[in-house]
Amino acid sequence: MLLLGLTGSIATGKSTVSNLLRSAPYNLPIIDADVIARQVVEPGTAGYKAIVAHFGPTTPDLLLPPTSDNDNGDNSGRGRPLNRPALGRKVFGSSEQTQRDRAVLNGIVHPAVRRAIYGAIVAAYLQGHWAVVLDIPLLFESGWERYCGSIMVVAVSDPSQQIARLRARDAHLSDEDARNRVLSQGDVREKAARVLRRGGDAGLVVWNDGDRELLEIRVAEAMARLRRASPRWWSWLLLLCPPLAGLVAAWSFWRMRRVQLLWEAEKAREKARL
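Residues numbered from 1 in each chain as written. Predicted model: local features only at pLDDT ≥ 70, side-chain atom pairs only at ≥ 80, totals over all residues. Heavy atoms only, no water.

Undergrad: Would you take a moment to explain the overall build of the protein chain for this structure?
TA: In terms of helices and strands, the protein chain carries eleven helices and five strands. Against the globule reference of 19 Å for 274 residues, the protein chain gives a C-alpha radius of gyration of 20 Å, in line with a compact fold. Expressed as lengths along the three principal axes of its C-alpha atoms, the size of the protein chain is roughly 60 × 45 × 40 Å. Counting all 274 residues of the protein chain, 40% fall into the buried class. Sequence-distant contacts, at least 24 apart, represent 71% of the contacts inside the protein chain between residues at least 6 apart. When the accessible surface of the protein chain is split by element, carbon and sulfur atoms take 57% of a total near 14,500 Å². The protein chain carries 37 positive and 28 negative side-chain charges, and their two centres are separated by 6 Å. (Helix = DSSP H or I, 4+ residues; strand = E, 2+ residues; numbered from the N terminus. Rg over C-alpha atoms; globule rule 2.2 N^0.38 Å. Buried < 20%, exposed > 50% of the residue type's maximum accessible area, 1.4 Å probe, protein only. Contact = heavy atoms within 4.5 Å. Areas by Shrake-Rupley, 256 points an atom, 1.4 Å probe, with all protein chains shown as cover. Lys, Arg positive; Asp, Glu negative; His and termini not counted. Charge placed at Lys NZ, Arg CZ, Asp CG, Glu CD.)

Undergrad: I would appreciate a short explanation of the nonpolar core in the present structure.
TA: If you look at soluble globular proteins, the nonpolar side chains tend to sit buried side by side. Ile51, Leu82, Leu87, Ile117 and Leu134 are the most contacted members of the largest nonpolar core, which has 36 residues in total. Listing elements by their share of this core, those giving two or more residues are α2 (33–39), α3 (46–55), α4 (84–91), α5 (96–126), β3 (131–135), β4 (150–155) and α8 (188–196). If you tally residues by element for this core, the top one is α5, at eight residues. Lining this core are residues from two domains, each supplying at least three of them: domain 1 (1–29 + 131–273) and domain 2 (34–128). Setting aside chain neighbours within four positions, we find Leu134 in contact with Leu3, Leu4, Gly5, Leu6, Ile31, Ile117, Leu139, Trp144 and Cys148. Among the nonpolar cores identified, the runner-up in size contains 20 residues, and Leu6, Ile30, Val133 and Met223 belong to it. (Core = buried A, V, L, I, M, F, W, Y, C linked by side-chain atoms within 4.5 Å. Domains from an automatic or database assignment.)

Undergrad: What should I look at first to understand the domain arrangement of the protein chain in this one?
TA: A common way to report how large an interface is uses the accessible area buried once the components associate. What the domain assignment lists for the protein chain is domain 1 (1–29 + 131–273) and domain 2 (34–128). Between domain 1 and domain 2, the residue contacts involve 17 residues of the former and twelve residues of the latter. Scanning the region where domain 1 abuts domain 2 turns up zero salt bridges. Put simply, domain 1 and domain 2 have one residue pair in polar contact (both at pLDDT 80 or more) between them. Listing elements by their share of the side of domain 1 that touches domain 2, those giving two or more residues are β3, α7 (175–184), α10 (232–240) and α11 (242–273). Per-element accounting of the side of domain 1 that touches domain 2 gives the leading share, three residues, to α7. In terms of residue class, the side of domain 1 that touches domain 2 is made up of 13 nonpolar, three polar and one charged. (Salt bridge = Lys/Arg side-chain N within 4 Å of Asp/Glu carboxyl O. Polar contact = N/O pair within 3.5 Å; in protein donor to acceptor, adjacent residues only side chain to side chain. Nonpolar A, V, L, I, M, F, W, Y, C, P; charged D, E, K, R; others polar.)

Undergrad: Looking at this structure, I do not really get the sheet that holds strand β5 (residues 203–207). What am I missing?
TA: What links the strands of a sheet is backbone hydrogen bonding, and the strands pair in either a parallel or an antiparallel sense. What the five strands build is an open sheet, ordered β2-β3-β1-β4-β5; its pairing is parallel. Where the open sheet ends on each side, the last strands, each with one partner, are β2 (30–32) and β5. In this sheet, adjacent strand axes meet at a mean angle of 20° when their direction is disregarded. Relative to β3, β2 runs parallel, the two sharing three bridges. From the neighbouring strand, Asp32 faces β3, where its bridge partner is Asp135. Where α8 meets the sheet, it contacts β4 and β5, and its direction lies at approximately 155° from that of β4. Along the sheet face, helix α9 (residues 212–229) touches β1 (2–7), β4 and β5 and points at about 170° away from the line of β5. (Pairing = 2+ DSSP bridges. Axes fitted to C-alpha atoms, helices over the stretch in contact; angles between N-to-C directions.)

Undergrad: In this structure, what is going on with the pairing of β1? I would like to understand it.
TA: In the case of a regular strand, side chains alternate between the two sheet surfaces. Across the six residues that make up β1, a large majority, six, are buried. Residue alternation in β1 divides its side chains into two sets, Leu2, Leu4 and Leu6 and Leu3, Gly5 and Thr7, and both sets are buried. With five bridges joining them, β1 and β3 adopt parallel strand pairing. For Gly5, the partnering residue across the bridge sits in β3 and is Leu134. Summarising the sheet, β1 and β4 pair through four bridges and their orientation is parallel. Note that in β4 the partner of Gly5 across the bridge is Ile151.

Undergrad: In this structure, what is going on with the pairing of β4? I would like to understand it.
TA: Within β4, six of the six residues are buried, which leaves the element mostly enclosed by the surrounding structure. Side chains Ser150, Met152 and Val154 project from β4 onto one buried face, and the interleaved Ile151, Val153 and Ala155 project onto a second face that is buried too. Pairing of β4 with β5, which is carried by five bridges, proceeds in the parallel orientation. Opposite Val153, over in β5, you have Val205 as the bridge partner.

Undergrad: Explain the UniProt feature "transmembrane region" (unreviewed entry) in the protein chain to me, please; I cannot follow it from the model alone.
TA: In this structure's numbering, the residues bearing the UniProt feature "transmembrane region" (unreviewed entry) are residues 233–254. Between the C-alpha atoms that bound residues 233–254 there is a distance of 24 Å. The span itself is 95% helix and 0% strand. (UniProt positions renumbered as here; feature names shortened; annotations may be inferred.)

As C-alpha cells, this is what we get:
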C-alpha cells in the first residue's frame, strides 16, 4: 500500500485536493491530521485537559461561553469546547512567547495525533486499499515525510495569494493575523523544492495558481503518474504477502530518510554561512 503524503500550506488549496482524492474516480481513504487534531482535544480528552491546564490561566477566553449543551453545571468549564480563535491568537505569531506557546501546544497535540494516525494506516492496509492519503499541513516539520512513499505538495507561486485566499475564507482575520498564519507554516515554495528532491514519482508538486478546473486537471495528471508506478497487481501482492510489504516499506523508509537527512544537512550549511 502506498502512503501518499499530502501537504502544502494554509490557503494553498490542500483541502480541495484532499476532497478530490476522497471522491470518484480516486476514492482513496483520507487520514486528515487536522480532523484528528480536533478529535484529540475534545472536552474530556487528555489533550483537552492539558491545554486548559497550561493556557487557561493566561487566556481568559480559552473556552467557549457556557450554554445549556456544554456547561456541566459546576462552572468549571470541563464540558465547554475550546475557543479556537482565542487559542490561535495565543500561539500564532513571530514573538518568542508565541513560539514557546506554539511549541507547548504541539507537544500536547502531536503525540496523540501520531497514535491515531498509526491506527488509521493499519486499518486502510487491512481493507485492501492501494493507497492511503496522509493529509498533514506540517508534514515535513512533524517528521512524517520519511514514512511516505510519495508526497504531493499543493503550492502557489506567490504568498500574497495565500493571504488573500485566507482572508476571503476567514473574514474575522485581520491582514496581520492572516500574514502571521501564513508565515508560521513556512514558505510553500521551499516545500515544493524539497519534495522534488525526492525524484520521480516520490515527489509531486501541484501548482494551484488558477481556478478549480485547472487544479482538477493537475491532480488527475499527478494521480495518473502514481497509478502507473503502483499498478493494481502490485498492490494485491503486497496485501497478500505481508513480509514483502514490510521489506518494501523498510526500503522506502531508508531511501526517504536519506533524502530528508541530506536536505536538512544542506540547509544547516546554508544557515551556517549566513
